[in-house]
Amino acid sequence: MLRMKVEEGDVILVKRLDCLGRDTADMIQLIKQFDAQGMAVRFIDNGISTDGVMGKMVVTILSAIALGERQRILERTNEGR
């Protein structure tokens, strides 16, 4: 739905890194699609944007860390049950 409403030059605001995709691969794929269409993604909580090469690199690294943390939380939750 979002992809149908955004246009080239738009900046997509997302609250947190883990809110954009289901997992790291999905998030990176979405960012690539938005970039190919001339759109940027800005993460409000971190102040990170996908504008430029450095922004894309930082987002990729932080998304991998976020995925790892999410998996650790699930493991601890399951151990607590």
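A brief look at the structure comes next. Note that this is a predicted model, so its numbers are computed, not measured.

1. A few points about helix H2 (residues 24-36)
For H2, spanning 13 residues, the distance from its first C-alpha to its last is 18 Å, which sits close to the expected 18 Å at 1.5 Å a residue. Residues of H2 that are buried: Thr24, Met27, Leu30, Ile31 and Phe34. Down the axis of H2, the smallest arc covering the buried residues is 130°, so these residues share one side. The exposed set on the far side of H2, more than 90 degrees from its buried face, consists of Ala25, Lys32 and Ala36. The inward-facing, buried residues of H2 abut helix H1 (2-5), strand E1 (11-14), strand E2 (40-43) and helix H3 (52-80).

2. As for the environment of Thr24
With respect to the helices and strands, the residue Thr24 is situated in helix H2. Residue class for Thr24 comes out buried when judged on its relative accessible area of 12%. Spatially, the C-alpha atoms of Thr24 and Gly68 are 9.5 Å apart, while their sequence positions differ by 44 residues. Contact partners of Thr24, with chain neighbours within four places excluded, come to Ser63, Ala64 and Leu67.

3. Section: empty space enclosed by the protein
Counted under the stated rule, the structure contains one cavity of 30 Å³ or more. Within this model, the largest cavity holds a volume of roughly 50 Å³. For the lining of the largest cavity, the secondary structure elements donating two or more residues are H2 and H3. Among the elements that make up the lining of the largest cavity, the one with the highest residue count is H3 (four residues).

4. Here we look at the side chain of Ser49
Within the fold, Ser49 resides in strand E3 (residues 48-49). Among the residues examined, Ser49 registers a relative accessible area of 15% and is labelled buried. At 3.2 Å, the side chain of Ser49 forms a polar contact with the backbone nitrogen of Asp51. Setting aside anything within four residues of it in sequence, one finds Ser49 in contact with Ala40, Val41, Arg42, Gly55, Lys56 and Val59.

5. Quick look at the sheet that holds E2
Spatially, E1-E2-E3 is the arrangement adopted by the three strands of the open sheet, whose pairing is mixed. Among the strands making up the open sheet, the edge pair consists of E1 and E3. Of the pairings in the sheet, the one linking E2 to E3 comprises two bridges and is antiparallel in character. Its bridge partner being in E3, Phe43 is matched across the sheet by Ile48.

Conventions we followed
Residues numbered from 1 in each chain as written. Predicted model: local features only at pLDDT ≥ 70, side-chain atom pairs only at ≥ 80, totals over all residues. Heavy atoms only, no water. Helix = DSSP H or I, 4+ residues; strand = E, 2+ residues; numbered from the N terminus. Expected span 1.5 Å × (residues − 1). Buried < 20%, exposed > 50% of the residue type's maximum accessible area, 1.4 Å probe, protein only. Arc of directions from axis to C-beta. Contact = heavy atoms within 4.5 Å. 1 Å grid on protein atoms, 1.4 Å probe; cavity = no way out; pocket = protein on both sides within 12 Å on 5 of 7 lines; lining within 4 Å. Points joined across faces, edges and corners; volume = space filled by probe spheres on them. Polar contact = N/O pair within 3.5 Å; in protein donor to acceptor, adjacent residues only side chain to side chain. Pairing = 2+ DSSP bridges.

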